[in-house]
Amino acid sequence: MNTTYDPTAIERKWQQRWQETGIYEVDLAHAKQPYYNLMMFPYPSAEGLHVGNVYAFTGADIHGRYQAMRGKDVFEPMGFDAFGIHSENFAIKRGIHPKTLIAGNVRHFREQLTRLGGRFAWSHAVETTDPDYYRWTQWIFLQFFKAGLAQRRKAPVNWCPSCKTVLANEQVISGRCERCDSEVGQRELEQWFFDITRYADRLLDNLDHLDWSDVIKTAQRNWIGRSDGAELRFALVKDQAKAISVFTTRPDTAFGATFLVLAPEHPLVGDLKTPETEAEVEAYVRQAAERSQEDRVGGQDKTGVFTGGYAVNPFNGKQIPIYIADYVLYGYGTGAIMAVPGHDARDFDFATKYGLPIVRVVAGPDGDRSTLTAAYEDTGTAIASGPFDGLPTAEAKEAAIRLAEERGIGQRHRTYHLRNWLISRQRYWGPPIPVVYCDRCGTVGVPEEELPVLLPDVQDFVPKGTGESPLAAIPSFVETTCPSCHGPARRETDVSDNFLDSAWYFLRYPSSHDEEHAFDPDLTRKWLPVDSYIGGKEHAVLHLLYTRFVCMALHDLGYLDFEEPFERFRAHGVIVRGGTKMSKSRGNVVNPDEFFDRYGADTLRSYLMFMGPYEEGGDFSDQGIEGIYRFLNRVYHLVRKNAGQSASAASPDVVRLRHQTIRRVTEDVEGLKYNTALAALMEYLNGLQRASSVAREDLQTLVLLLAPFAPHLTEELWQALGQSYSVHQAAWPTYDADVLVAKTVTLVVQVDGKLRERLQLPAGLDEAAVREAALHSDAVRRFLPDGASLRFVHVPDRLLSIVTR
RNA sequence: GCGGGCGUGGCGGAAUGGUAGACGCGUGGGACUUAGAAUCCCAUGGGGACACCCGUGAGAGUUCGAAUCUCUCCGCCCGCACCA
């Protein structure tokens with residue numbers, strides 16, 4: 001008998017059997033206990049599956065396998081997110097058409113995912129680049145267009161000079177392009193937007209009820225960035241009919257507003273300048289336009305110039321000067337602020353630099369009214385504020401808003417950090433936006449029956465940087481007829497953002513073969529919302545926010561009966577190596593293929609899960625993986641050696657250990673604490689190896705509990721134990737709480753908080769008996785002063801604490 | 001600057017108010033072997049006058065009892081960042 005553990009042979013054998021028997025496919029229409037187990041589908045890069053993907057998918061797959069053994073009909077689909085700038089840029093670099101490139105990458109990814117041993121329902125795989133898929137991406141665009149949620153308008157937008165396209169706000173990271181790290185500039189362009197800001201309140205408020213990792217909820221709350229305050233109008237001195245609107249969260253400090261500041265791009269700047277200031281103002285505006293976003297934001301030193309104009313502070317009637325400065329952002333609020341240097345640090349800096357008056361209008365705690373040496377930004381009591389004097393900040397805010405509304409100089413207002421979603425891209429590799437421009441009929445949506453608008457198969461797909469997509473250079477694509485009047489018309493040549501493709505893929509999985517609908521109403525009702533979604537934190541405000549928005553909008557349009565797509569979302573951690581992030585430049589990237597070859601998928605899966613808590617990630621060590629490999633070897637040999645034995649009765653200790661292990665592993669797997677689940681299995685194995693005899697049931701339990709982690713090895717051992725195929729369809733073991741109760745316990749005795757004795761006692765003793773036992777111990781008595789009065793704290797079966805003080 | 005997380009042996013980590021360091025790596029010793037590999041067994045936080053003391057980033061506090069709760073400080077990681 002060959003008893004060597006040969007992962008390569010075992011894994012190949014069972015992968016083939018799983019495929020032949022289709023055990024991971026689900027009868028979607030008739031499933032009794034549907035459980036939708038989702039993970040973030042990958043971007044099929046040329047480098048192949050990253051170990052980060054392996055980590056993410058393994059953790060989610062273990063969850064799916066566990067749910068299946070709990071009797072759920074688990075649907076665990078997989079797909080490929082293959083449109084977008086990343087693969088397009090790579091294709092340009094290599095001079096290979098992205099279509100060719102992606103096909104090869106997808107093939108490679110599928111092989112690797114199969115080697116990983118995931119329980120994927122491959123018959124429902126989707127590829128976002130498939131016309132049968134993006135046809136429905138275009139369909140969603142059209143529904144939004146018809147509902148007025150998709151609009152084309154001119155706006156200042158982020159422009160990546162290297163990718164030669166616009167970017168959504170979420171794709172600009174500290175002033176740089178998310179994809180290529182180039183510095184992003186601003187351009188005023190006509191673009192397509194999805195009006196996600198209309199949903200800002202719902203996107204924010206729904207978070208309270210979602211079972212999601214807190215990190216993600218916090219990130220979304222911050223990104224949406226709702227703030228409540230007022231919009232106030234300051235009339236111009238020169239022309240009382242004109243006013244500057246400002247947004248403030250502190251209307252209570254309006255009496256302290258000693259000047260106004262406009263963003264350099266503000267439309268009223270032209271009206272304000274005087275012959276004396278004109279040259280300086282124009283120079284500043286020009287300079288601001290040239291500076292990159294990063295430069296403007298980076299420097300803490302504030303710059304600005306006086307426009308020459310004055311406004312009236314409507315609260316105290318004083319004339320105050322109007323400045324322009326680039327610390328005020330055109331894109332936020334109204335692009336203008338009332339500067340309250342006494343109570344805002346930025347305004348304080350600016351006022352100090354340009355010698356502007358600083359007035360205190362909020363007294364600090366204990367009525368502190370001293371002269372300010374720095375901005376006082378906390379709350380307090382209003383002073384020097386006319387009718388608001390003596391009111392605490394919160395009340396003064398309300399009073400100020402009321403007063404503004406009564407006098408018609410402003411109103412309550414709420415604003416958001418969230419911007420509308422810019423979805424058009426001047427690129428080739430994406431779904432064409434299904435719109436036609438007609439001189440007579442205007443902007444017309446492509447009729448649904450004409451979808452998909454196919455992406456033409458062309459040789460030259462390199463972006464030109466003219467602000468137009470490469471598609472604009474293809475007359476056969478551009479020239480068309482108007483669907484409405486049949487006259488000559490031009491197609492939209494921009495493609496949609498890659499994040500639109502991935503904002504609905506999980507709706508498509510169950511309906512992947514449906515040619516009539518984007519998603520079948522019955523299947524969708526049965527399978528959605530998703531039961532469990534696991535993915536990376538990096539998508540906290542990109543994918544996860546867009547997805548929620550798309551579902552909410554589809555719900556409002558009557559296509560979905562839920563508004564939140566993911567009931568439960570868990571963010572997994574990040575794998576590092578040697579304490580630092582893996583990157584090509586550091587040369588510390590783990591190539592999964594190497595480890596599949598050397599140890600097998602079961603070992604790599606288990607090791608990745610053993611490195612640390614799944615939600616926190618871990619440190620990959622080439623030596624550490626040996627420990628898991630040894631563990632699986634020991635499991636293999638123990639089971640093989642004892643498989644033939646009859647179901648002999650095991651010792652009570654082993655029985656209790658078995659039940660304890662079932663409980664620990666079950667609870668840990670439920671809580672994604674895979675590292676401690678494996679530790680419990682190791683302890684169990686150690687216990688079985690030490691035991692004089694091992695019963696059949698002990699081995700079966702070991703195999704069942706290990707099955708989600710090491711699916712191939714356990715399948716092999718399940719067969720060796722004479723059980724019927726498949727271990728992955730067997731029932732998860734249960735434990736008996738009565739068996740867990742130990743007959744003897746180790747009871748710890750503390751004297752004044754220090755551990756002095758461990759007593760082996762029968763379980764369930766009352767306090768009097770425990771005291772008696774403790775006071776008989778020399779180790780305890782030694783620390784008890786003569787004649788001291790003693791106090792006792794008793795924790796049954798755990799501890800007795802004796803206090804002498 | 002704001003928000004979130006983290007800080008425990010040589011290393012990854014366990015313990016979320018009750019035996020600090022489970023489990024694994026590494027290391028030392030032993031068994032088996034002609035030898036090695038593999039495997040198995042024992043030991044492994046520091047100190048020590050060995051029936052003890054110290055120890056969870058630092059300091060204080062609450063408690064019979066704190067890695068765990070509270071406050072202050074230091075350090076690291078992640079997200080956002082002149083958001084009015």
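Residues numbered from 1 in each chain as written. Chains lettered and ligands numbered in written order. Predicted model: local features only at pLDDT ≥ 70, side-chain atom pairs only at ≥ 80, totals over all residues. Heavy atoms only, no water.

*Asks:* Sorry, what's going on with the packing of aromatic side chains here?
*Replies:* By convention here, two paired aromatic rings are described through the distance between centres and the angle between planes. For the structure on display, the rule yields 55 aromatic pairs. Where Phe141 meets Phe194, the ring centres are 5.9 Å apart and the plane angle is 35°; that geometry is what we call tilted. In this pair, Phe141 is assigned in helix H5 (residues 131-146) and Phe194 in strand E9 (residues 185-194), connecting sequence segments 53 residues apart. Owing to a relative accessible area of 1%, Phe141 belongs among the buried residues under this scheme. Where Tyr607 meets Phe620, the ring centres are 5.4 Å apart and the plane angle is 80°; that geometry is what we call edge-to-face. Placement of Tyr607 in helix H19 (residues 601-610) and of Phe620 in strand E31 (residues 617-620) is noted, with a sequence separation of 13 residues between them. (Phe/Tyr/Trp six-rings, centres within 6.5 Å; stacked < 30°, edge-to-face > 60°. Helix = DSSP H or I, 4+ residues; strand = E, 2+ residues; numbered from the N terminus. Buried < 20%, exposed > 50% of the residue type's maximum accessible area, 1.4 Å probe, protein only.)

*Asks:* How do you make sense of the domain arrangement of chain A when you look at a structure like this?
*Replies:* Many structure descriptions define interface size as the accessible area lost when the parts assemble. When its domains are assigned, chain A resolves into domain 1 (227-415), domain 2 (580-739) and domain 3 (742-803). Distance between the C-alpha centres of domain 1 and domain 2: 64 Å. (Domains from an automatic or database assignment.)

*Asks:* When you look at helix H11 (residues 345-354) in this model, what are you seeing that I'm missing?
*Replies:* Helical geometry note: an α-helix holds 3.6 residues per turn, so side chains three or four residues apart project in the same direction. Among the residues of H11, those classed as buried are Asp347, Phe348, Phe350 and Ala351. Take H11 and look down its axis: the buried residues cluster within an arc of 165°, on one side only. In this structure, the buried residues of H11 make contact with strand E13 (259-262), strand E14 (304-312), strand E15 (319-325) and strand E16 (336-339). Directly after H11, the chain includes Gly355, whose backbone phi takes a positive value near 65°. (Arc of directions from axis to C-beta. Contact = heavy atoms within 4.5 Å.)

*Asks:* Whenever I open this one, the sheet that holds strand E35 (residues 799-803) confuses me. Can you help?
*Replies:* Sheet strands pair via backbone hydrogen bonds, and the direction of the pair is either parallel or antiparallel. As summarised here, the arrangement of the four strands in space is E33-E32-E35-E34, forming an open sheet in which the pairing is mixed. Both edges of this open sheet fall to strand E33 (754-762) and strand E34 (791-795), since each of them pairs with a single strand only. For this sheet, the mean angle separating the axes of adjacent strands, direction not counted, is 20°. Bridging between strand E32 (residues 744-751) and E33 involves eight bridges; their strand directions are antiparallel. (Pairing = 2+ DSSP bridges. Axes fitted to C-alpha atoms, helices over the stretch in contact; angles between N-to-C directions.)

*Asks:* Would you explain unusual backbone geometry in this entry?
*Replies:* Where the residue is not glycine, phi is negative for most of them; where a peptide bond is considered, it is trans in most cases. Looking along the chain, the bond that leaves Leu451 and enters Pro452 is cis, with omega of 0°. Along the chain, Pro452 falls in the loop between strand E23 (442-445) and helix H13 (475-478). In this structure, Ala384 takes a positive phi of about 50° despite not being glycine. Positionally, Ala384 belongs in the loop between strand E18 (381-382) and helix H12 (393-406).

*Asks:* I tried to follow the pattern of salt bridges on my own but got confused; where do I start?
*Replies:* A side chain of one charge can pair with a side chain of the opposite charge when the charged atoms of the two come close. What the rule picks out here adds up to 38 salt bridges. The partner of Glu183 in a salt bridge is Arg176, with the nearest N and O atoms 3.7 Å apart. For Arg176, a relative accessible area of 28% puts it in the partly exposed group. Linking Glu563 and Arg202 is a salt bridge whose minimum nitrogen-to-oxygen distance equals 2.9 Å. Of this pair, Glu563 sits in the loop between helix H17 (543-556) and strand E28 (568-572) while Arg202 sits in helix H6 (residues 200-205); the two residues are 361 residues apart in sequence, bridging distant segments of the chain. (Salt bridge = Lys/Arg side-chain N within 4 Å of Asp/Glu carboxyl O.)

*Asks:* Looking at this structure, how should I read the nonpolar core?
*Replies:* Buried together is how nonpolar side chains tend to be arranged in soluble globular proteins. Counting residues in each nonpolar core, the largest one holds 179 residues, and the members touching the most others are Phe144, Trp421, Phe506, Phe549, Leu608, Phe620 and Leu706. Apart from the residues lying within four places of it in its own chain, the contact partners of Trp421 are Ala168, Trp192, Phe193, Phe194, Ile196, Asp497, Phe499, Leu500, Tyr546, Phe549 and Val550. Core analysis: the second largest hydrophobic core is formed by 49 residues, Val261, Ala263, Val281 and Phe350 among them. (Core = buried A, V, L, I, M, F, W, Y, C linked by side-chain atoms within 4.5 Å.)

*Asks:* Would you take a moment to explain the sheet that holds strand E30 (residues 580-581) for this structure?
*Replies:* Read from one edge of the open sheet, three strands run E30-E29-E31, paired in mixed fashion. Strands with a single pairing partner mark the edges of an open sheet, and in this sheet they are E30 and E31. Two strands pair when backbone bridges link them, and strand E29 (residues 574-577) and E31 are joined in this way by four bridges, in the parallel orientation. Across the sheet, the residue bridging to Ile575 is Gly618, located in E31.

*Asks:* What is the right way to read a negative patch on the surface from this model?
*Replies:* On the surface, Glu127, Asp130, Asp132, Glu515 and Glu516 cluster together into a patch of negative charge. Take Glu515: it is sitting in the loop between helix H15 (505-508) and helix H16 (521-527). Glu515 sits in the exposed class, given a relative accessible area of 61%. (Patch = residues over 30% accessible without salt bridge, like charges linked within 9 Å, V, L, I, M, F, W, Y side chains within 5 Å. Areas by Shrake-Rupley, 256 points an atom, 1.4 Å probe, with all protein chains shown as cover. Lys, Arg positive; Asp, Glu negative; His and termini not counted. Charge placed at Lys NZ, Arg CZ, Asp CG, Glu CD.)

*Asks:* Looking at this model, I keep getting lost on the packing of helix H21 (residues 652-670) against helix H23 (residues 696-706). Mind explaining?
*Replies:* When two helices pack together, you describe them by how their axes are tilted relative to each other and by the distance separating the axes. Interhelical geometry of H21 versus H23 gives an angle of 15° and a closest axis separation of 11 Å. It follows that H21 is roughly parallel to H23 by the angle criterion. In this structure, H21 meets H23 at a crossing whose hand is left-handed. Residue-level contacts link Val654, Arg658, Thr661, Ile662 and Val665 of H21 to Glu697, Asp698, Thr701 and Leu705 of H23. Classifying every residue of the contact of H21 with H23 by side-chain character gives four nonpolar, two polar and three charged. (Parallel < 35°, antiparallel > 145°, perpendicular 65-115°, else oblique. Left-handed = near helix turned anticlockwise from the far one by under 90°. Nonpolar A, V, L, I, M, F, W, Y, C, P; charged D, E, K, R; others polar.)

*Asks:* What should I look at first to understand the environment of Ala773 in this one?
*Replies:* Its location among the elements puts Ala773 in helix H26 (residues 767-775). Separated by 15 residues in the primary sequence, Ala773 and Arg758 have C-alpha atoms spaced 11 Å apart. If we ignore the near neighbours within four places in the chain, the residues touching Ala773 are Leu759 and Leu761.

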